[in-house]
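Below are the chains, spelled out letter by letter.
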Amino acid sequence: MSDLPQRFAQAQDDVKQLPERPSNMTLLRLYALYKQGSEGDAHGDKPGMTDIVGRYKFEAWESLKGTAREEAMEKYIALVEDLRSGAVS
């Protein structure tokens, strides 16, 4: 059995312990990868124009449509590791 779900859960804990807040674009990428890895393709109604943050988040998640959940988990884990090492901000 793969340890991917455990590593994904650990990355979720690790991202909360980052010394610096990532850029907004990186936060959107983290959100989209997390949602794709945990729920699969985007579903539900796209937020309206008055909910700009919600709309950006939904669109970031929607951009990953068709990405396998396992692949999204791996990318999320890799991004968190890069953030922890300082390779990405």
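These lines cover the structure that appears in this document, whether it is placed above or below. Quick caveat, the model's predicted, so the values are computed rather than measured.

## Here we look at the packing of helix 2 (residues 24-39) against helix 3 (residues 52-62)
- Interhelical geometry of helix 2 versus helix 3 gives an angle of 55 degrees and a closest axis separation of 8 Å. Judged by the inter-axis angle, helix 2 sits oblique to helix 3. With respect to the hand of their crossing, helix 2 and helix 3 are arranged in right-handed fashion. Between helix 2 and helix 3, the contacting residues are Leu28, Tyr31, Ala32, Lys35, Gln36 and Glu39 on the first element and Tyr56, Lys57, Ala60 and Trp61 on the second.
- Partitioning the contact of helix 2 with helix 3 into residue classes produces six nonpolar, one polar and three charged.

## Re the packing of aromatic side chains
- Per the stated rule, a full pass over the model turns up four aromatic pairs.
- Aromatic side chains phenylalanine 8 and tyrosine 34 sit 5.9 Å apart centroid to centroid with 15 degrees between the ring planes, which places their arrangement in the stacked category. You can see phenylalanine 8 sitting in helix 1 (residues 4-15) and its partner tyrosine 34 sitting in helix 2, a full 26 residues away along the chain.
- Owing to a relative accessible area of 5%, phenylalanine 8 belongs among the buried residues under this scheme.
- Summarising the aromatic geometry, the rings of phenylalanine 58 and tryptophan 61 are spaced 6.2 Å apart at their centres and angled 70 degrees between planes, so their arrangement reads as edge-to-face. Residue phenylalanine 58 and its partner tryptophan 61 are both found in helix 3; the two are separated by three residues, about one turn of the helix.
- For phenylalanine 58, a relative accessible area of 9% puts it in the buried group.
- Tryptophan 61 sits in the buried class, given a relative accessible area of 4%.
- Site record: aromatic cluster; members linked through ring pairs are Phe8, Tyr34 and Tyr76.

## Some thoughts on helix 1
- Between its first and last C-alpha, helix 1 extends 16 Å over twelve residues, near the 16 Å set by a 1.5 Å rise per residue.
- Turning to helix 1, its buried residues are Leu4, Phe8, Ala11 and Asp14. Down the axis of helix 1, the sector holding all buried residues measures 120 degrees, keeping them to one side.
- Those residues of helix 1 that are buried lie in contact with helix 2 and helix 4 (69-85).

## Regarding the pattern of salt bridges
- Taken as a whole and judged by the stated rule, the model has eight salt bridges.
- Residue arginine 7 is joined to glutamate 74 by a salt bridge in which the shortest nitrogen-to-oxygen separation is 2.8 Å. On the criterion of sequence distance, the pair formed by arginine 7 in helix 1 and glutamate 74 in helix 4 is long-range, its members being 67 residues apart.
- When its relative accessible area of 36% is taken as the criterion, glutamate 74 is described as partly exposed.
- A salt bridge links glutamate 59 to arginine 55; the nearest nitrogen and oxygen atoms lie 3.6 Å apart. Of this pair, glutamate 59 and arginine 55 both sit in helix 3, four residues apart, which is roughly one turn of that helix.
- Overlapping salt bridges bring together Lys46, Arg55, Glu59 and Glu62 as one network.

Rules of the game
- Residues numbered from 1 in each chain as written.
- Predicted model: local features only at pLDDT ≥ 70, side-chain atom pairs only at ≥ 80, totals over all residues.
- Heavy atoms only, no water.
- Axes fitted to C-alpha atoms, helices over the stretch in contact; angles between N-to-C directions.
- Helix = DSSP H or I, 4+ residues; strand = E, 2+ residues; numbered from the N terminus.
- Parallel < 35°, antiparallel > 145°, perpendicular 65-115°, else oblique.
- Left-handed = near helix turned anticlockwise from the far one by under 90°.
- Contact = heavy atoms within 4.5 Å.
- Nonpolar A, V, L, I, M, F, W, Y, C, P; charged D, E, K, R; others polar.
- Phe/Tyr/Trp six-rings, centres within 6.5 Å; stacked < 30°, edge-to-face > 60°.
- Buried < 20%, exposed > 50% of the residue type's maximum accessible area, 1.4 Å probe, protein only.
- Expected span 1.5 Å × (residues − 1).
- Arc of directions from axis to C-beta.
- Salt bridge = Lys/Arg side-chain N within 4 Å of Asp/Glu carboxyl O.

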